[in-house]
Amino acid sequence: MQLLRRGDSGPGVVEIRSTLRRFGLLPAADAHGPREDGVGEDVFDADVEHAVRAFQQQRDLITDGIVGPATYRALREAGWQLGDRMLALMISAPMSGDDVVALQERLLELGYDPGRPGGVFDEQTEAALKKFQREYGLVADGLCGPATLRSLRQLGRKVTGGRPRLLREQELLRQAGPRLRGKRIVVDPGHGGTDRGVVVAGVAEADIVWDLARRLVGRMTATGMDAMLSRQEDTCPSETERAAFANHAGADLVLSLHSDANRSMHAQGLATFHFGNGSGATSTVGEALAGFIQRELLIRTGMQDCRTQARTWELLRLTRMPTVRVEIGYLTHIGDRRRLLDLAFRDVVAEGILVAVKRLYLLGQDDQPTGTFTFSDVLARELERGGAQAI
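Residues numbered from 1 in each chain as written. Predicted model: local features only at pLDDT ≥ 70, side-chain atom pairs only at ≥ 80, totals over all residues. Heavy atoms only, no water.

Undergrad: For this particular structure, what's the right way to read the side chain of Lys358?
TA: Position of Lys358 relative to the elements: it lies in helix α13 (residues 343–362). Separated by 2.7 Å, the side chains of Lys358 and Glu382 make a polar contact. (Helix = DSSP H or I, 4+ residues; strand = E, 2+ residues; numbered from the N terminus. Polar contact = N/O pair within 3.5 Å; in protein donor to acceptor, adjacent residues only side chain to side chain.)

Encoded structure:
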């Protein structure tokens, strides 16, 4: 879709204004004609930009005041409430919205597992809904219509004292054990093919993260992990396709690698992102892994800390497993760019990410100070007889 920003005009802006009004972020339109300042309903002015930023902040989106694909999707999805429409599994174009989030959260409260409440009606949501319908004497058709809604609203909670999805994630992590051997990891180098990502002074993000991803996969494979790339060097799957690949592969974790850009040449540093929708739904394991990666890389590289943050980007919310996106430096910053061009620096980053994954599976047991382990240390411990000892 066309990006809409301050100064733009047209029918798309009228739609955005109308949506923001429904959410109470813009005052009601004046029915008596144009405003005193002469600004029409089809103009993206300062008030619209401010309202868009407020909405983006509420939904854990980048607060740039620009309506791009992610913000437009969120605006559209935020308009649905549970009961507004029939919900069902649509393979070609999955239904999404706040009504799906409400359904998923209600199923979780009743003791069913629709997966992460990311707001997409997928196969796992359908399976949980059918199980609920069967157990409560309803037609198990996987359709959330009036009869199913009545039952969902009438029943009390089965699960209390905590957030069930978060507990399930943590229990799966505990059951996985501390060894890396056998863990299935999807490493996702951003962009690819004709999409070069950020390009500055002849340096392309797609090339940097492709090389980094291969270094990381090589190290993971050496420890016995089943590591795979989400794309080839000359391809660029969509975020939806990358998520589908990870889900089909049954991955335990997804690591998405990117670098950043900014209009300011002074912007620099490292950030990590995990799923979180601003209304309580989050991936606790993803958040923990993002924190481990952030701390390991900060200690090892000395980069500026741009923190760990929650986002609702497609890859983060469509994957069924914990997923972390790592933004390694700004190619628009000369210092970060020089570091990213250094092959030794990429080795340091790959090693740090691997150690962070190991720390995640240790669950705090027999751990050591951040930044003190090397790839050789991890490899030696993984290859010890029985893998009983952890770093």
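Here the narrative resumes.
Undergrad: Quick question: what am I supposed to make of unusual backbone geometry here?
TA: Excluding glycine, a negative phi dihedral is what most residues carry, and trans is how most peptide bonds are arranged. Here Asp60, not a glycine, exhibits a phi torsion of approximately 55°, which is positive. For Asp60, the location among the structural elements is in the loop between α2 (46–58) and α3 (69–78). Here Arg307, not a glycine, exhibits a phi torsion of approximately 75°, which is positive. Of the residues examined, Arg307 reaches a relative accessible area of 54% and is grouped as exposed. (Buried < 20%, exposed > 50% of the residue type's maximum accessible area, 1.4 Å probe, protein only.)

Undergrad: How do you make sense of the packing of aromatic side chains when you look at a structure like this?
TA: In this structure the tally under the stated criterion is 4 aromatic pairs. Ring plane angle 55° and centroid distance 4.7 Å describe the contact between Phe273 and Trp313, whose orientation is recorded as tilted. Residue Phe273 is located in strand β6 (residues 270–275), and its partner Trp313 is located in the loop between β7 (305–311) and α11 (314–318); the two are separated by 40 residues in the primary sequence. On the accessibility criterion, Trp313 (13% relative accessible area) is buried. Every member of this aromatic cluster is reached through a ring pair, and the members are Tyr112, Phe132 and Tyr136. (Phe/Tyr/Trp six-rings, centres within 6.5 Å; stacked < 30°, edge-to-face > 60°.)

Undergrad: It is not clear to me how the sheet that holds strand β1 (residues 184–189) should be interpreted in this structure. Could you clarify?
TA: Strand pairing in a sheet relies on backbone hydrogen bonds, with the paired strands running either antiparallel or parallel. Ordered in space as β4-β1-β5-β8-β6-β7, the 6 strands form an open sheet in which the pairing is mixed. In this open sheet, the two edge strands, each paired with only one partner strand, are β4 (226–229) and β7. Averaged over all neighbouring strand pairs, the angle between strand axes comes to 20°, with direction disregarded. In this structure, β6 lies alongside strand β8 (residues 323–330), joined through 4 bridges in antiparallel fashion. Across the sheet, Ala271 pairs through a bridge with Glu327, a residue of β8. Along the sheet face, helix α9 (residues 239–249) touches β1, β4 and β5 (253–260) and points at about 170° away from the line of β1. (Pairing = 2+ DSSP bridges. Axes fitted to C-alpha atoms, helices over the stretch in contact; angles between N-to-C directions. Contact = heavy atoms within 4.5 Å.)

Undergrad: How should the nonpolar core be read in this particular structure?
TA: In summary, soluble globular proteins display a tendency toward joint burial of nonpolar side chains. Within the largest apolar cluster, 46 residues are counted, with the highest numbers of intra-cluster contacts made by Met220, Leu255, Ile293, Ile328 and Val357. Residue contributions to this core peak at 10 residues, all from α13. The next biggest cluster of nonpolar side chains, apart from the first, holds 15 residues, and it includes Val13, Leu26, Ala51 and Ala78. (Core = buried A, V, L, I, M, F, W, Y, C linked by side-chain atoms within 4.5 Å.)

Undergrad: Would you take a moment to explain the packing of α13 against helix α14 (residues 375–382) for this structure?
TA: Each pair of packed helices can be summarised by the angle the axes make with each other and by the distance between the axes. Closest axis-to-axis distance for the α13/α14 pair is 9 Å, and the angle between their directions is 40°. By the angle between their axes, α13 is oblique relative to α14. The hand of the α13/α14 crossing is left-handed. For the pair formed by α13 and α14, the contact residues are Glu351, Leu354, Val355 and Lys358 on the first element and Phe375, Val378 and Glu382 on the second. Tallied by class, residues from the contact of α13 with α14 come to 4 nonpolar, no polar and 3 charged. (Parallel < 35°, antiparallel > 145°, perpendicular 65-115°, else oblique. Left-handed = near helix turned anticlockwise from the far one by under 90°. Nonpolar A, V, L, I, M, F, W, Y, C, P; charged D, E, K, R; others polar.)

Undergrad: Honestly, the pattern of salt bridges in this entry has me stumped. Any pointers?
TA: Where side chains of opposite charge bring their charged atoms close, a pairing between them can arise. Scanning the model with the defined rule gives 27 salt bridges in all. Between Glu77 and Arg317 there is a salt bridge, with the nearest N and O atoms lying 2.9 Å from each other. Taken together, the positions of Glu77 in helix α3 and Arg317 in helix α11 put the pair 240 residues apart, joining distant regions of the chain. For the residue pair Glu77 and Arg317, the accessibility class agrees, reading buried in each case. A salt bridge links Asp211 to Arg215, with the nearest nitrogen and oxygen atoms 2.6 Å apart. Of the two residues, Asp211 and Arg215 are both situated in helix α8 (residues 205–222); the distance of 4 residues between them amounts to about one turn of the helix. The network of salt bridges with shared partners includes Asp211, Arg215, Arg219, Arg346 and Asp347. (Salt bridge = Lys/Arg side-chain N within 4 Å of Asp/Glu carboxyl O.)

Undergrad: Quick question: what am I supposed to make of the confidence of the model for the protein here?
TA: Here the protein averages 90 in pLDDT, and 91% of its residues register 70 or above. Every residue in residues 387–391 is under pLDDT 50, and counting partners more than four places away or in other chains gives 17 contacts. (pLDDT = per-residue confidence, 0-100.)

Undergrad: Just checking my understanding: could you explain the environment of Ala29 for this structure?
TA: Secondary-structure assignment places Ala29 in the loop between α1 (11–22) and α2. As a C-alpha pair, Ala29 and Ser18 span 11 residues in sequence and 8.7 Å in three-dimensional space. Other than its neighbours up to four places away in sequence, Ala29 contacts Arg21 and Glu41.

Undergrad: Whenever I open this one, the environment of Leu379 confuses me. Can you help?
TA: As for its position among the elements, Leu379 is in helix α14. Separated by 54 residues in sequence, Leu379 and Arg325 place their C-alpha atoms 24 Å apart. Among residues more than four places away in sequence, those in contact with Leu379 are Ala222 and Thr223.

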